[in-house]
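One letter stands for each residue in the lines below.
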Protein chains: 2
Amino acid sequence: MNIERLRTPALILDKEAFERNIETMRSLLEGSTLSLRPHYKSHKCAEIARMQIASGAIGITCAKLSEAEDLVDAGIEDVLIANQVVEEPKISRLCQLAKDARITVCVDCAENIAALSRAAVAADATLYCLVEYDIGLQRCGVLTHSEVIELARAVDAADRLVFDGVQAYAGQLSHEVDSEKRRSETEARAKDLRALLAELKAAGLGARVLSGGSTGTSAIKAKEGLYTELQAGSYLFMDSTYGELDIPFENSLYILTTVLSVKDGLVVVDAGVKSCGVDQGMPRIYCDEAREISACEEHFQIFEPKKQYKVGDKMLLIPAHCCSTVNLHDKIYMINKGRVVSRIAVSARGCSK
Amino acid sequence: MNIERLRTPALILDKEAFERNIETMRSLLEGSTLSLRPHYKSHKCAEIARMQIASGAIGITCAKLSEAEDLVDAGIEDVLIANQVVEEPKISRLCQLAKDARITVCVDCAENIAALSRAAVAADATLYCLVEYDIGLQRCGVLTHSEVIELARAVDAADRLVFDGVQAYAGQLSHEVDSEKRRSETEARAKDLRALLAELKAAGLGARVLSGGSTGTSAIKAKEGLYTELQAGSYLFMDSTYGELDIPFENSLYILTTVLSVKDGLVVVDAGVKSCGVDQGMPRIYCDEAREISACEEHFQIFEPKKQYKVGDKMLLIPAHCCSTVNLHDKIYMINKGRVVSRIAVSARGCSK
């Protein structure tokens, strides 16, 4: 099928650019200390997770238990939930998953460690734990070396839990446009992390894993020789926000829209907030520019685009945030040279629990 | 089930507040010129659409063809698509729907009217059309009386199309906090619309329907005696943005979250951009306040809340925008006195095509 015939808005993926991004990441990490454990949050497609495993990823990172359930259900055998799981019904389910796959979860408080251990014992399951260390994101994780060591010791002492290392994710640097600042800030954190790892080792708590990183810091982390696992996700698709950075990936994901209405200086298309994530701003127009873009639920209002459009014309948009955009769709159309070559189910769409 | 046991984030609906909102709208419109044709975009639940019809709505408004398909599939027999349908494959499907239900669609250009007519003839179906008049939203619709009359004449002359009236939606006024400005701006538009309707009548093109309005302007429109159909949607749920206005509806929709992590001055919960629409800003905390709230994909970072929280505590959030929030969920838990009393499927979640 020609993509012009797709009902819009449709999420489309350029097969060749997508495959080049996979190859670029493979060659970037070649010979480094880093293994790729790509983040599921960006694509949420079990089919793509399997492609990533087939091309060398050691496992998959995800944000939520419900995403881990989807991954294990699809045959992925090594899953990191890069967050805390604290509700009792979820912990119980987590331990069931851990009977079917190698499951790692993050911890940042002693009560949660105790609850995970009790549930793992009851389920006769083993859970792997990373202690989360907050290196400036101001989200989950503890703030001091002594707290990391204390929690690592608690995990190590807990029945059916394995202390496997540390998660340290500097998400606040991922989109830093100034590449020198991104590099120097990442290096400052690396120095602190080396000290932490040495202290853990001295305490008899060797960290096998140091997990973190993003698409924006992949190249820096590949060179620094510190982290063992890279959690990048967006490198597959890119978006207009990451497009501002000097990183070696290219845009492969677009929203195909149809022009609904045209009047003096204004073009209205049939995609909006409900089909394109706007949490990082407005999308860009592929091969065009506009004075301003506004968003409604089902429309973008495009003021003074440079090109001429008429009702029924197609327009390609580049989302500002690939992750929040994919979560709005049930399927991604993979295209090559203007034709649909496959359709990929967004199997974990909406899996926020 | 006690709501404390729900896996979070969970979208919950307070049954009593929801039912009071339905009754408030019924009494607001009693004796007015306005019939209620509530907008599907806010709830996207066929079950709630049936409740609205049962309590007096004359039909349902929706934004997209795929929402109309869901409504007709669920037995709703009178549907307005408050937008243009311009792609050939969609027009063909629209005409098939029109064989099963009374379907109305908006038009704002002559080529589209011709295409709709050709397809309706081919399908042996009748389509009802509203000419869209742009009264300041800067979205679809024509800008002048003469264009409205010209398009109405084209519809009237086209085979298998029925000119049924005008759509004029001043969405830019829906959230105007200054109630005097909201009233005076709405009245200024009413004056212009009365003149337009008179000109249409003089041209032999009587408009049976004048459709528009929103939750924010419902009370004004109920008094002005001009519009025949009210498209309000959010009145059922409200949200923190509409909560700023002096309108007679109350909040009934919340996101139940769990506290994942707590440290000095910071509480992190397990809902974020992927479970709470942030296109109109950050959510509010029910019965609490914070200095600042930031959003990640799966977390809100709540800085300096007034109350004390510990890991595992529940927190209720009031979304800033109910419509974009509901679209992120597959189900809504209806609760009464802290217990789940029913679960409603968001049957048209993701229906943006």
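Since the structure is predicted, the reported quantities are computational estimates derived from the model, not experimental observations.

1. Section: the interface of chain B and chain A
Turning to step 1, where the next piece is worked out: At the interface, 49 residues of chain B touch 49 residues of chain A.
Turning to step 2, where the next piece is worked out: If you list the elements that add at least two residues to the side of chain B that touches chain A, you get helix H4 (88-97), helix H5 (110-123), strand E10 (253-263), strand E11 (266-269) and helix H9 (322-326) of chain B.
Turning to step 3, where the next piece is worked out: A total of four residues in the side of chain B that touches chain A trace back to one element, the largest contributor, which is E10(B).
Turning to step 4, where the next piece is worked out: Class assignment for the residues of the side of chain B that touches chain A results in 17 nonpolar, 16 polar and 16 charged.

2. Focus on the environment of A:Leu65
All names here are of chain A.
Turning to step 1, where the next piece is worked out: Position of Leu-65 relative to the elements: it lies in helix H3 (residues 65-73).
Turning to step 2, where the next piece is worked out: A tally of 25 C-beta atoms within 10 Å means that Leu-65 is categorised as buried.
Turning to step 3, where the next piece is worked out: As for Leu-65 and Gly-206, which are separated by 141 residues in sequence, their C-alpha atoms are 27 Å apart.
Turning to step 4, where the next piece is worked out: What Leu-65 contacts, discounting residues up to four positions off in sequence, is Ile-81, Val-85, Lys-90, Arg-93, Leu-94 and Lys-353.

3. Some thoughts on the sheet that holds strand E7 (residues 161-167) of chain B
Residue and element names in this part refer to chain B.
Turning to step 1, where the next piece is worked out: Reading across the sheet, the eight strands line up as E2-E9-E8-E7-E6-E5-E4-E3 and stay open at both edges, with parallel pairing between neighbours. Only two strands of the sheet have a single partner each, and these edge strands are strand E2 (35-36) and strand E3 (60-62).
Turning to step 2, where the next piece is worked out: Across four bridges, strand E5 (residues 102-107) lies against strand E6 (residues 127-132) in parallel orientation. The partner of Val-105 across the bridge, within E6, is Cys-129.
Turning to step 3, where the next piece is worked out: Sheet strands in contact with helix H3 (residues 65-73) are E3, strand E4 (78-81) and E5, and its direction is about 175 degrees off that of E4.

4. Some points on the relation of the copies chain B and chain A
The second copy of the chain is related to the first by a rotation about an axis and a shift along the axis.
Turning to step 1, where the next piece is worked out: Expressed as a screw operation, the relation of chain B to chain A combines 0.0 Å of axial shift with a rotation of 180 degrees, fitting to an RMSD of 0.0 Å. Each copy turns onto its partner about a two-fold axis.
Turning to step 2, where the next piece is worked out: Comparing interface residues between copies, 100% of those in chain B also sit at the interface in chain A, which points to an isologous, same-surface contact.

5. Re the confidence of the model for chain A
Turning to step 1, where the next piece is worked out: Per-residue pLDDT for chain A averages 97, and the proportion of residues at 70 or more is 100%.
Turning to step 2, where the next piece is worked out: Reported confidence for the predicted complex is 0.97 by ipTM and 0.97 by pTM.

6. Looking at the domain arrangement of chain A
All names here are of chain A.
Turning to step 1, where the next piece is worked out: On domain assignment, one finds that chain A holds domain 1 (3-10 + 247-345) and domain 2 (15-237).
Turning to step 2, where the next piece is worked out: The distance between the C-alpha centroids of domain 1 and domain 2 comes to 32 Å.
Turning to step 3, where the next piece is worked out: Contacts between the two partners involve 18 residues from domain 1, matched on the other side by 23 residues from domain 2.
Turning to step 4, where the next piece is worked out: Secondary-structure elements contributing two or more residues to the side of domain 1 that touches domain 2 are helix H9 (322-326), strand E16 (331-336) and strand E17 (339-345).
Turning to step 5, where the next piece is worked out: Sorting elements by how many residues they give to the side of domain 1 that touches domain 2 places E16 first, with four residues.
Turning to step 6, where the next piece is worked out: Of the residues belonging to the side of domain 1 that touches domain 2, the class tally is 13 nonpolar, four polar and one charged.

7. A short note on the sheet that holds strand E3 (residues 60-62) of chain A
Residues and elements named next belong to chain A.
Turning to step 1, where the next piece is worked out: Ordered by their spatial adjacency, eight strands build an open sheet running E2-E9-E8-E7-E6-E5-E4-E3, and the pairing between neighbours is parallel. Pairing within the sheet leaves two strands with one partner each, and these edge strands are strand E2 (35-36) and E3.
Turning to step 2, where the next piece is worked out: H3 contacts E3, strand E4 (78-81) and strand E5 (102-107) of the sheet and is inclined by roughly 175 degrees relative to E4.

8. Re the packing of H3(B) against H4(B)
All names here are of chain B.
Turning to step 1, where the next piece is worked out: Contact geometry for H3 and H4: axes closest at 11 Å, N-to-C directions at 20 degrees. Taken together, the axes of H3 and H4 lie roughly parallel to each other. Crossing handedness for the pair H3 and H4: left-handed. Contact with H3, carried on its side by Leu-65, Ala-68, Glu-69 and Val-72, involves Lys-90, Arg-93, Leu-94 and Leu-97 of H4 and no other residues of that element.
Turning to step 2, where the next piece is worked out: The class makeup of the residues in the contact of H3 with H4 is five nonpolar, no polar and three charged.

9. Topic: the pairing of E7(B)
All names here are of chain B.
Turning to step 1, where the next piece is worked out: Within E7, six of the seven residues are buried, which leaves the element mostly enclosed by the surrounding structure.
Turning to step 2, where the next piece is worked out: When E6 meets E7, the two strands line up parallel, connected through six bridges. Bridge pairing in E7 places Leu-130 opposite Gly-165.
Turning to step 3, where the next piece is worked out: Crossover connection from E6 via helix H6 (residues 145-157) to parallel E7: handedness right-handed.
Turning to step 4, where the next piece is worked out: Here three bridges tie E7 to strand E8 (residues 209-212), and the two strands are oriented parallel to one another. In the strand pairing of E8, Gln-167 is matched with Ser-211.

10. Focus: unusual backbone geometry
Turning to step 1, where the next piece is worked out: A:Pro9 follows A:Thr8 through a cis peptide bond whose omega is 0 degrees.
Turning to step 2, where the next piece is worked out: As for its placement among the helices and strands, A:Pro9 is situated in the segment before strand E1 (10-14).
Turning to step 3, where the next piece is worked out: Residues other than glycine seldom take positive phi values, yet B:Cys287 does so here, at roughly 60 degrees.
Turning to step 4, where the next piece is worked out: For B:Cys287, the position within the fold is in the loop between strand E12 (284-285) and strand E13 (292-295).
Turning to step 5, where the next piece is worked out: Given 10 C-beta atoms within 10 Å, B:Cys287 falls into the exposed group.

The rules behind the values
- Residues numbered from 1 in each chain as written.
- Chains lettered and ligands numbered in written order.
- Predicted model: local features only at pLDDT ≥ 70, side-chain atom pairs only at ≥ 80, totals over all residues.
- Contact = placed C-beta atoms within 7 Å.
- Helix = DSSP H or I, 4+ residues; strand = E, 2+ residues; numbered from the N terminus.
- Nonpolar A, V, L, I, M, F, W, Y, C, P; charged D, E, K, R; others polar.
- Buried ≥ 20, exposed ≤ 12 C-beta atoms within 10 Å, placed from the backbone.
- Pairing = 2+ DSSP bridges.
- Axes fitted to C-alpha atoms, helices over the stretch in contact; angles between N-to-C directions.
- Least-squares fit on C-alpha atoms with pLDDT ≥ 70 in both.
- pLDDT = per-residue confidence, 0-100.
- Domains from an automatic or database assignment.
- Parallel < 35°, antiparallel > 145°, perpendicular 65-115°, else oblique.
- Left-handed = near helix turned anticlockwise from the far one by under 90°.
- Right-handed = clockwise from strand over helix to strand, strands pointing away.

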